[in-house]
Amino acid sequence: TAEESFSVFGNGAVIAVASMFVLSAALERTGGIEIFAKYLDRVVGNSELWMLLTVLPLVALASAFVNNTPVVVVFLPILISLANKRGILPSRVLIPLSYASIFGGCCTLIGTSTNLLISAASVSQGHSSIGFFEPARIGLVLTGVGLFYLLTLGRWLLPQRESLTSLVDGEGEDSKDLLTEVAVGAESQRLGCRYRDTPLKSLRRVRLMEVIRQGESIGGNLDEHIFELGD
């Protein structure tokens, strides 16, 4: 029934996960992430190993008390920026970031949404809930072993892979790809036209990636999209 379908939004675990995303957004909007990034820039050093030694324990600790997904969202742009400044390929630090957040999330009840949902399911079946630090007995061991692996043997298995950001923003003769945004104005000749019927469709090496209308992405077949004012 409709009542049963929407009852999930009253589940404490779902509300807790949603609140953690609000927290991460607040850190970004208020400039907290930028301040933290500037601090890390001074202490992580110039080597890949020193950067991982500094950042991974912080990520694991944060993931224990904030859901691991928002932690990755917060640290992602910071690590990309730090890596680019030091000439380190982002793949060398982003993969360890992901795993460190998973390890830390195993240590507490709120570290990962999975723990919250399992605890809520346990209560609904008449059993006791999971204690806040109950998963730490196994989680701390996993975190210690996992971080040691990432900082030693795991480093030699990391790929040397360019990110899309570095390919688009690169400098030099071979960097000719451009990602741009164009708005349809009141005097545009494309107003009211299908994309497939415009000269844009026939241009070589040009691809329409997305159409945004009033802040929302337009889905469906983009070839059949009819341009409106402000698109």
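Heads up: these notes are all about the structure in this document. Here the structure is a predicted model, which is why all the values come from computation and not from measurement.

## Some words on the layout of surface pockets
Then comes step 1: Taken as a whole, the second largest pocket encloses approximately 210 Å³ of empty space.
Then comes step 2: Of all the secondary structure elements, the ones that give two or more residues to the lining of the second largest pocket are helix 2 (12-29), helix 3 (32-43) and helix 5 (68-85).
Then comes step 3: A class-by-class count of the residues in the lining of the second largest pocket yields 11 nonpolar, 2 polar and no charged.

## Thoughts on unusual backbone geometry
Then comes step 1: Despite not being glycine, Gln 214 shows a phi value in the positive range, around 50 degrees.
Then comes step 2: Relative accessible area serves as the criterion here: at 78%, Gln 214 is assigned to the exposed category.

## Re the packing of aromatic side chains
We describe a pair of aromatic rings using the distance from one ring centre to the other and the angle between the two ring planes.
Then comes step 1: One pass over the structure, following the stated rule, counts 5 aromatic pairs.
Then comes step 2: Here Phe 65 and Phe 133 contribute two aromatic rings whose centre-to-centre distance is 6.3 Å and whose plane-to-plane angle is 75 degrees, an arrangement assigned as edge-to-face. Here Phe 133 lies in the loop between helix 7 (113-124) and helix 8 (136-151) and Phe 65 lies in helix 4 (residues 48-65), a separation of 68 residues in the sequence.
Then comes step 3: Among the aromatic residues, those joined into a ring-pair cluster are Phe 65, Phe 132 and Phe 133.

## Notes on the environment of Thr 180
Then comes step 1: If you trace the backbone, Thr 180 turns up in the loop between helix 9 (164-169) and helix 10 (199-202).
Then comes step 2: The class for Thr 180 is exposed, based on a relative accessible area of 58%.
Then comes step 3: Taking the C-alpha atoms as reference points, Thr 180 and Val 123, separated by 57 residues in sequence, lie 51 Å from one another.

## Some words on the nonpolar core
Then comes step 1: Membership of the largest hydrophobic core comes to 24 residues, with the highest contact counts inside it found for Met 51 and Phe 75.
Then comes step 2: Looking at this core, the elements with two or more residues in it are helix 3, helix 4, helix 5, helix 6 (91-105) and helix 8.
Then comes step 3: Broken down by element, this core gets its largest block of residues, 7 residues, from helix 5.
Then comes step 4: Grouped together as the second largest cluster of nonpolar side chains are 5 residues, Val 17, Met 20, Leu 109 and Leu 116 included.

## Side note on the packing of helix 6 against helix 8
Then comes step 1: Interhelical geometry of helix 6 versus helix 8 gives an angle of 165 degrees and a closest axis separation of 8 Å. Between helix 6 and helix 8, the angle is such that the two are roughly antiparallel. Crossing of helix 6 over helix 8 shows left-handed handedness. On helix 8, the residues touching Pro 96, Tyr 99, Ala 100, Phe 103 and Gly 104 of helix 6 are Gly 139, Leu 142, Thr 143, Gly 146, Leu 147 and Leu 150.

## Structural notes on the state of the cysteines
Then comes step 1: In total, this model carries 0 disulfides according to the counting rule given.
Then comes step 2: The structure places no disulfide on Cys 106, whose sulfur is separated from the nearest cysteine sulfur, that of Cys 107, by 6.6 Å.

## Here's the deal with the pattern of salt bridges
Then comes step 1: The final tally for this structure, using the stated rule, is 11 salt bridges.
Then comes step 2: Glu 134 serves as the salt-bridge partner of Arg 137, at 3.8 Å between the closest nitrogen and oxygen.
Then comes step 3: Where salt bridges share partners, they join Arg 194, Arg 196, Asp 197 and Glu 224 into one cluster.

## Section: helix 3
Then comes step 1: The end-to-end C-alpha distance of helix 3, which contains 12 residues, comes to 17 Å, matching closely the 16 Å that a straight helix rising 1.5 Å per residue would cover.
Then comes step 2: Gly 45 sits one or two positions beyond helix 3 and adopts a positive phi of about 75 degrees.

Conventions adopted
- Residues numbered from 1 in each chain as written.
- Predicted model: local features only at pLDDT ≥ 70, side-chain atom pairs only at ≥ 80, totals over all residues.
- Heavy atoms only, no water.
- 1 Å grid on protein atoms, 1.4 Å probe; cavity = no way out; pocket = protein on both sides within 12 Å on 5 of 7 lines; lining within 4 Å.
- Points joined across faces, edges and corners; volume = space filled by probe spheres on them.
- Helix = DSSP H or I, 4+ residues; strand = E, 2+ residues; numbered from the N terminus.
- Nonpolar A, V, L, I, M, F, W, Y, C, P; charged D, E, K, R; others polar.
- Buried < 20%, exposed > 50% of the residue type's maximum accessible area, 1.4 Å probe, protein only.
- Phe/Tyr/Trp six-rings, centres within 6.5 Å; stacked < 30°, edge-to-face > 60°.
- Core = buried A, V, L, I, M, F, W, Y, C linked by side-chain atoms within 4.5 Å.
- Axes fitted to C-alpha atoms, helices over the stretch in contact; angles between N-to-C directions.
- Parallel < 35°, antiparallel > 145°, perpendicular 65-115°, else oblique.
- Left-handed = near helix turned anticlockwise from the far one by under 90°.
- Contact = heavy atoms within 4.5 Å.
- Disulfide = S-S within 2.5 Å.
- Salt bridge = Lys/Arg side-chain N within 4 Å of Asp/Glu carboxyl O.
- Expected span 1.5 Å × (residues − 1).

These results come straight from atomic positions and should not be treated as a statement about function.
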